[in-house]
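Architecture and fold: a report
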Amino acid sequence: MEHPAELPLLEVEDLRTSFITPDGVVPAVDGVTFSIARGRTLALVGESGSGKSVTAYSMLRLIQPPGRIVGGKILLRSARAGEIDIAKLGERSGTLYKVRGGLISMIFQEPMTALSPVHSIGHQIAEAILLHQRTSKAEARRLTVEMLGKVGIAQAEERFDQYPHELSGGMRQRVVIAMALVCRPELLIADEPTTALDVTIQAQILGLIKTLQREIGCSVLLITHDFGVVAQVADDVAVMYRGRIVEHGTVRAVLKTPQHAYTRALLDALPSRRARVA
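Here we summarise the structure given alongside this text. (Residues numbered from 1 in each chain as written. Predicted model: local features only at pLDDT ≥ 70, side-chain atom pairs only at ≥ 80, totals over all residues. Heavy atoms only, no water.)

**Side note on the layout of surface pockets**
Here the idea is plain: a probe the size of a water molecule rolls over the atoms and shows the empty space left. Within this model, the largest pocket holds a volume of roughly 590 Å³. Listing elements by their share of the lining of the largest pocket, those giving two or more residues are β6 (104–107), α4 (121–132) and α7 (169–181). It is α4 that contributes the most residues to the lining of the largest pocket, five residues altogether. (1 Å grid on protein atoms, 1.4 Å probe; cavity = no way out; pocket = protein on both sides within 12 Å on 5 of 7 lines; lining within 4 Å. Points joined across faces, edges and corners; volume = space filled by probe spheres on them. Helix = DSSP H or I, 4+ residues; strand = E, 2+ residues; numbered from the N terminus.)

Listed below in structure tokens is the structure:
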């Protein structure tokens, strides 16, 4: 019998999420199965529309009507809360609220939509702390300022009272990362965390996520379409096509000897490969 620490932190088994429309049922996630080991980074890769983000939103039960989870298991083995099948939790379950932002957090794709324009960045991060931890407002502020410093925001005390529109795109993304990690989640979902950022800032953000992952000890699910990013930060990779996982393995194995035609097509689309062929 395996020791619990040796079991995957998260196991997704035969997950099916569909959108019920007047024209019929559209399966967006169609029998997806994968696992994420403790302390490791799994990259979920595929083109736009392949079902990556719907999979992530399903894991946090954030799918809005007409979408809904119609089958499968989302098993979280939490060191703090025990074994939880997220797919079975009721919409008003206290455990579900504990999972969202506490045990599993998410860096959303677009920082301007992830942040409220009418609340200061400090208020938004401190609110997450107060929601998931028993602490005072003064302590929540201290933890917020500390976290802002960790994500590389200078003069964090002064930045606490600023609003999202006063920050650059790169700084807003750092704020979103701070908000996601301030409660020290066991799993971080990063949905295209470098979208719309220039190449230099992209590298800084990816390095920051990796550094904070080691410090906190969390696992990461990285959603991306960029195999360059996968090679840089991931341990394992799952390739998604039309709502299904078509290939799953270590980054080294998949990049070196891809087995599925779709994986090979994605790799062949990399500029570096095209340059070598030319």
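**Notes on the nonpolar core**
Soluble, globular proteins show a tendency: their nonpolar side chains are buried together. Ranked by size, the top nonpolar core spans 39 residues in total, and within it I107, V151, V175, I177 and L188 carry the most contacts. Each residue touching L188, except ones within four places of it in the same chain, is listed here: S105, M106, I107, A180, L181, I209, C218, S219, V220 and L221. Within the second largest apolar cluster, 32 residues are counted, among which are A28, L44, A56 and I104. (Core = buried A, V, L, I, M, F, W, Y, C linked by side-chain atoms within 4.5 Å. Buried < 20%, exposed > 50% of the residue type's maximum accessible area, 1.4 Å probe, protein only. Contact = heavy atoms within 4.5 Å.)

**Things to note about unusual backbone geometry**
With omega at 10°, the peptide bond leading from P65 into P66 counts as cis. Its place among the elements puts P66 in the loop between α1 (52–59) and β4 (67–78). Look at D14: it is not a glycine, yet its phi comes out positive at around 50°. Checked against the element boundaries, D14 lands in strand β1 (residues 10–21). Although it is not a glycine, R242 sits at a positive phi angle of roughly 50°. By the element assignment, R242 lies in the loop between β9 (236–241) and β10 (244–250). Judged by relative accessible area, R242 falls into the exposed class, the value being 66%.

**Some words on α4**
With twelve residues, α4 extends 18 Å between its outermost C-alpha atoms, agreeing within 8% with the 16 Å of an ideal straight helix rising 1.5 Å per residue. Turning to α4, its buried residues are I121, G122, Q124, I125, A126, A128 and I129. Of the surrounding elements, those touching the buried residues of α4 are α5 (137–150), α6 (156–159) and α7. (Expected span 1.5 Å × (residues − 1).)

**Re the pattern of salt bridges**
A side chain of one charge can pair with a side chain of the opposite charge if their charged atoms are brought near each other. Scanning all chains against the criterion turns up twelve salt bridges. A salt bridge links R61 to E91, with the shortest nitrogen-to-oxygen separation between them at 3.0 Å. Linking R61 in the loop between α1 and β4 with E91 in the loop between β5 (82–85) and α2 (94–99), this pair joins segments that are 30 residues apart in sequence. Residue class for R61 comes out buried when judged on its relative accessible area of 13%. Between D161 and R141 there is a salt bridge; the shortest N-O distance is 3.6 Å. Taken together, the residues D161 in the loop between α6 and α7 and R141 in helix α5 connect sequence positions 20 residues apart. A residue is classified by how much of its surface remains accessible, and R141, at 29% relative accessible area, is partly exposed. Within this structure, E139, R142, E146, K150 and E215 form a network of salt bridges that share partners. (Salt bridge = Lys/Arg side-chain N within 4 Å of Asp/Glu carboxyl O.)

**A closer look at the sheet that holds β4**
In spatial order, the strands read β2-β1-β4-β5; together these four strands make up an open sheet with antiparallel pairing. One side of each edge strand has no neighbouring strand; the edge strands of this open sheet are β2 (24–36) and β5. Averaged over all neighbouring strand pairs, the angle between strand axes comes to 10°, with direction disregarded. Pairing geometry for β1 and β4, over eight bridges, is antiparallel. For E11, the partnering residue across the bridge sits in β4 and is L75. This element, α1, spans β1, β2 and β4 of the sheet and lies at about 110° to β1. (Pairing = 2+ DSSP bridges. Axes fitted to C-alpha atoms, helices over the stretch in contact; angles between N-to-C directions.)

**As for the pairing of β6**
Residues I104 and M106 point to one face of β6 and S105 and I107 to the other, with burial holding for every one of them. Judged from the four bridges that link them, β6 and strand β7 (residues 187–191) form a sheet pairing that is parallel. Bridged to M106 within β7 is I189.

**Quick notes on the packing of α7 against helix α8 (residues 199–216)**
Taken N-terminus to C-terminus, the directions of α7 and α8 make an angle of 15°; their axes are 11 Å apart at the nearest point. Taken together, the axis directions place α7 and α8 in an arrangement best described as roughly parallel. For the crossing formed where α7 meets α8, the hand is right-handed. Of the residues in α8, those in contact with G170, Q173, R174, I177 and L181 of α7 are I201, Q204, I205, L208, I209, L212 and I216. Broken down by class, the residue content of the contact of α7 with α8 amounts to eight nonpolar, three polar and one charged. (Parallel < 35°, antiparallel > 145°, perpendicular 65-115°, else oblique. Left-handed = near helix turned anticlockwise from the far one by under 90°. Nonpolar A, V, L, I, M, F, W, Y, C, P; charged D, E, K, R; others polar.)

What is shown is where atoms sit, not what they do.
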